[in-house]
Amino acid sequence: MKKISIGNSTIESSRFIYGCMRIAGDNSTSDRAKGKQAVMAALEAGYNHFDHADIYGGGTCESLFGELLAEQPYLREEIIITSKAGIRPNNNEDSYAPKRYDFSRQYLLSSVEGSLKRLNTDYLDMFLLHRPDYLFDVHEVAETFALLKASGKVKHFGVSNFKPSQVELLKSALSMPLLVNQVEINIHNIDTLLDGTLDQCQQQGITPIAWCPLGGVAYSAWGNTFSVEDEQRIERELNSQSKIYGCAPWQVILAWLLKHPANICPIIGSTTPERIVAAKQALALDYSREDWYRLLEARNGQAVP
């Protein structure tokens, strides 16, 4: 597995990051066993970076991963663990409160404590703010980060789903760098190509991490707006390119993301060991600029202006 430095740091991450959102499944014995098998397959394939969030599986995904670390404690020093917080779903404790975002000091501190306990670890390598809280006080967040850093509970920080202006706002109050911005990037959602996110990442040495990288191809993208004609046009081009490169269409999409000079790190979230391993083939493709633009043209239904 190829590795890459995360942000302007010495952290060496596998180019593909293993996403743990689905590893607990329905939390049945069989699904939990499948999840552990998937994590072990990722480790054996060279993935060393594992992405979590406090809300994944209502905490069961972190707990399952924590069980693995308890069984094999030597793994902790060999891997990078990222977790996220800030999304507060509806719950029975406060039936009045709607689903919301929360970057308040106490909530973030308690979220990190919860993740550490479930993950069976003393620290997170990276902690990300999951989605922008429209009410967040930048100075309060900066103070919270400083407390987490000083306590040794979090080593590095980043954001998720932030627009460039929100990144700049947060950076203006921080004493430490933001290493990553985890955003949706796929053939369906190319907002980051257009809104300055990838430009900012490249300029400032922030690593873009792509969630849902196969959206619109291997599965429907969030808020899918593709017409049947769009999907057929993309499928034809992908099938053509997959023959050229001797791989599956979904592996072409990964190569398409890897081509960008901002050094996008896609999240692989499959729980099928064969697909976890097969993703690595995209790293070996000598993907051309011409094919990159052919696929963009197929996506848009017209040539670039």
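Preceding this paragraph is the structure being described.
All of these numbers come straight from a predicted model, not from anything done at the bench.

### Some details on the packing of aromatic side chains
For the structure on display, the rule yields 13 aromatic pairs. Between Phe 136 and Phe 162, the ring centres sit 6.4 Å apart and the planes meet at 50°, which makes this aromatic pair tilted. Here the residue Phe 136 occupies a position in the loop between β8 (124-129) and α4 (138-151), and Phe 162 occupies one in the loop between β9 (154-160) and α5 (164-171), the gap between them amounting to 26 residues. We classify Phe 162 as buried; its relative accessible area is 1%. Centre to centre, the rings of Trp 211 and Trp 222 are 5.4 Å apart; their planes meet at 75°, and the pair counts as edge-to-face. Here the residue Trp 211 occupies a position in strand β11 (residues 207-211), and Trp 222 occupies one in the loop between β11 and α8 (228-245), the gap between them amounting to 11 residues. For Trp 211, a relative accessible area of 14% corresponds to the buried category. One aromatic cluster is present, formed by Tyr 18, Tyr 47, Phe 50 and Phe 65 through successive ring pairs. Seen from the ring of Tyr 123, Arg 76 lies directly overhead, with NZ or CZ sitting 4.0 Å from the centre.

### Section: the sheet that holds β9
Pairing is parallel around the closed barrel formed by eight strands, whose spatial order is β3-β4-β5-β8-β9-β10-β11-β12. Mean inter-strand twist for the sheet, computed between neighbouring axes without regard to direction, equals 30°. Relative to strand β10 (residues 178-184), β9 runs parallel, the two sharing three bridges. By the bridge assignment for β10, Phe 157 is matched with Leu 178. Packing of α5 onto the sheet brings it into contact with β8, β9 and β10, and relative to β10 it is tilted by some 155°.

### Thoughts on the environment of Leu 69
Note that Leu 69 resides in helix α2 (residues 60-71). Overall, the relative accessible area of 4% leaves Leu 69 in the buried class. Leave out the neighbours within four places in its chain, and Leu 69 touches Leu 75, Arg 76, Ile 79, Ile 81, Leu 119 and Asn 120.

### With respect to the pairing of β10
For β10, a buried count of seven out of seven residues is recorded, marking the element as mostly surrounded by other parts of the structure. Since β9 and β10 lie parallel, the crossover through α5 that links them has a hand, and here it is right-handed.

### Looking at the pattern of salt bridges
For the structure shown, the criterion picks out 12 salt bridges. Two residues, Arg 118 and Glu 62, come together in a salt bridge whose shortest N-O distance is 2.9 Å. A residue pair is termed long-range when its members are at least 10 positions apart, and Arg 118 in helix α3 (residues 105-119) and Glu 62 in helix α2 qualify at 56 residues. Overall, the relative accessible area of 0% leaves Glu 62 in the buried class. Here Asp 102 ties to Arg 88 by a salt bridge, and the two come within 2.8 Å at their closest N and O atoms. Of the two residues, Asp 102 is situated in the loop between β7 (100-101) and α3 and Arg 88 in strand β6 (residues 87-88); the sequence distance between them amounts to 14 residues. Each of the salt bridges in this network shares a partner with another, and the network as a whole consists of Arg 32, Lys 36, Glu 67 and Glu 71.

Criteria and thresholds
Residues numbered from 1 in each chain as written. Predicted model: local features only at pLDDT ≥ 70, side-chain atom pairs only at ≥ 80, totals over all residues. Heavy atoms only, no water. Phe/Tyr/Trp six-rings, centres within 6.5 Å; stacked < 30°, edge-to-face > 60°. Helix = DSSP H or I, 4+ residues; strand = E, 2+ residues; numbered from the N terminus. Buried < 20%, exposed > 50% of the residue type's maximum accessible area, 1.4 Å probe, protein only. Lys NZ or Arg CZ within 6 Å of the ring centre and 35° of its normal. Pairing = 2+ DSSP bridges. Axes fitted to C-alpha atoms, helices over the stretch in contact; angles between N-to-C directions. Contact = heavy atoms within 4.5 Å. Right-handed = clockwise from strand over helix to strand, strands pointing away. Salt bridge = Lys/Arg side-chain N within 4 Å of Asp/Glu carboxyl O.

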